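Results of the structural survey
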Amino acid sequence: MATTTIRPNANGDEINGAQYPDSGYFYDKVDDVTPDELDTYIYNNESEPQVSWMRSLFHLNNPTVRGIINKITVYARMRVIGSSGVTGYGRICIKTHGTVYETGNIELSQSFTNYSQVYSVNPYTGSQWTWSEIDNLQAGVNLHGYVDVPNVLERAVCTQIYVVIDYLPAYDIGLRYRHGGSTYKIEAQELQSTHKLRIYKDGVIYGIPLVDVSDPNASPIRIYDGSTIKALKKYSF
């Protein structure tokens, strides 16, 4: 298994609240590799007795790796700023297939803390994540401060957002077959104990995934795996 991390690289479909400092873009306040804490952040900026939720979403850089996605984990580093000691709240958000999904309310403390939400499947489809969905994913936070007495505002702030993709790497190692006058690739994967078919190349042992013959990525090459007939999987990335 392997992981890759993607980070905000542009403002998304919703930008609300305020940023510190005010120059630049919202996304560059939360795109840190190493969090810069209160040097740059986004925050809810209302000062009314009823402070609103303020959601911001961000586009993410597209990953260059490919493979079978096991899960994604969205991280947000948040805290509350204020002198009254009353808390603020945050929610971790994603947007996929035009729909926004949020966590429940996260009670924030007076010091920065990393919060996270795991999505083992795409919540819209209920199925395994695809790389196309990852390429179009937006992530962000919804922030809510608190006013406990007139003119005393607890600000909910976020200084860092990123998404970690857990995946099984897939490779094109040069396996080819001809069918209907065209040449196609066969997928190889990082070796797992579940791989029944393996190949050794250039000092590395790879696993060759087997799929049902009805799978849309099934090649016409068939193999008996000890219990049923399977197909070698086409490399489709």
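Structure: see above.
Quick summary incoming for the structure in this document. (Residues numbered from 1 in each chain as written. Predicted model: local features only at pLDDT ≥ 70, side-chain atom pairs only at ≥ 80, totals over all residues. Heavy atoms only, no water.)

The helix and strand tally for the protein chain stands at 1 helix and 21 strands. Relative to the 2.2 N^0.38 estimate, which gives 18 Å for 237 residues, the radius of gyration of the protein chain is 23 Å and therefore markedly larger than a compact globule would have. When its C-alpha atoms are laid out on the principal axes, the protein chain stretches across 75 × 30 × 30 Å. The proportion of buried residues among the 237 residues of the protein chain is 43%. Within the protein chain, residue pairs in contact and separated by at least 24 positions form 66% of the contacts whose partners lie at least 6 positions apart. Approximately 11700 Å² of the protein chain is accessible, and the part contributed by carbon and sulfur atoms is 46%. (Helix = DSSP H or I, 4+ residues; strand = E, 2+ residues; numbered from the N terminus. Rg over C-alpha atoms; globule rule 2.2 N^0.38 Å. Buried < 20%, exposed > 50% of the residue type's maximum accessible area, 1.4 Å probe, protein only. Contact = heavy atoms within 4.5 Å. Areas by Shrake-Rupley, 256 points an atom, 1.4 Å probe, with all protein chains shown as cover.)

The strand order across the open sheet formed by 3 strands is 19-21-20, and the pairing between neighbours is antiparallel. Taken across any chain shown, the strands that pair with only one partner, and hence form the sheet edges, are strand 19 (210-211) and strand 20 (218-224). The pairing of strand 20 with strand 21 (residues 229-233) spans 4 bridges and is classified as antiparallel. Looking at the pairing, I223 lines up with K230 of strand 21. (Pairing = 2+ DSSP bridges.)

Our next topic: the nonpolar core. In terms of nonpolar packing, the biggest core is built from 32 residues, with I72, M78 and C158 touching the most fellow members. Of all the elements in the fold, those that place two or more residues in this core are strand 1 (2-6), strand 5 (54-60), strand 6 (67-81), strand 7 (89-96), strand 10 (113-119), helix 1 (131-135), strand 11 (138-144) and strand 13 (152-171). Discounting residues that sit within four places of it in the chain, I72 has contacts with Q117, V118, Y119, W129, I134, L137, V163, V164 and I165. (Core = buried A, V, L, I, M, F, W, Y, C linked by side-chain atoms within 4.5 Å.)

Next up on the list: the environment of V121. Tracing the backbone through its elements, the reader meets V121 in the loop between strand 10 and helix 1. For the pair V121 and I69, spaced 52 residues apart in sequence, the C-alpha to C-alpha distance is 8.9 Å. If we skip the residues at most four places from it in the chain, V121 touches G126, S127, Q128 and W129.

A few words now on the side chain of Q189. Relative to the helices and strands, Q189 resides in strand 16 (residues 188-190). Each residue touching Q189, except ones within four places of it in the same chain, is listed here: I68, L168, P169, A170, Y171, H195, Y206, G207 and P209.

Right, let's get into the pairing of strand 11. Taking burial as the measure, the 7 residues of strand 11 include 7 buried ones, the bulk of the element. Residues Q138, G140, N142 and H144 point to one face of strand 11 and A139, V141 and L143 to the other, with burial holding for every one of them. Summarising the sheet, strand 5 and strand 11 pair through 6 bridges and their orientation is antiparallel. Looking at the pairing, F58 lines up with A139 of strand 11.

Okay, the environment of G82 next. Mapped onto the fold, G82 is located in the loop between strand 6 and strand 7. The partly exposed category is assigned to G82, whose relative accessible area is 29%. Measuring from C-alpha to C-alpha, the distance between G82 and Q110 comes to 8.0 Å, with 28 residues separating the pair along the chain.

It is worth spelling out the packing of aromatic side chains at this point. Inspection of every chain in the model, using the stated rule, returns 8 aromatic pairs. Summarising the aromatic geometry, the rings of Y75 and Y162 are spaced 4.8 Å apart at their centres and angled 10 degrees between planes, so their arrangement reads as stacked. Note that Y75 is positioned in strand 6 and Y162 in strand 13, a separation of 87 residues in sequence. Judged by relative accessible area, Y162 falls into the buried class, the value being 15%. Ring centres of Y177 and Y184 lie 5.3 Å apart, and the angle between their planes is 20 degrees; on these two criteria the pair is classed as stacked. We classify Y177 as buried; its relative accessible area is 8%. (Phe/Tyr/Trp six-rings, centres within 6.5 Å; stacked < 30°, edge-to-face > 60°.)

Turning our attention to unusual backbone geometry. A cis geometry characterises the amide bond from Y20 onward to P21, with omega recorded as -5 degrees. Residue position: P21 is located in the loop between strand 3 (18-20) and strand 4 (41-43). Non-glycine residue E37 carries a positive phi angle of around 55 degrees. Locating E37 in the fold gives a position in the loop between strand 3 and strand 4. With a relative accessible area of 27%, E37 lands in the partly exposed category. Although it is not a glycine, H97 sits at a positive phi angle of roughly 55 degrees. Take H97: it is sitting in the loop between strand 7 and strand 8 (99-102).

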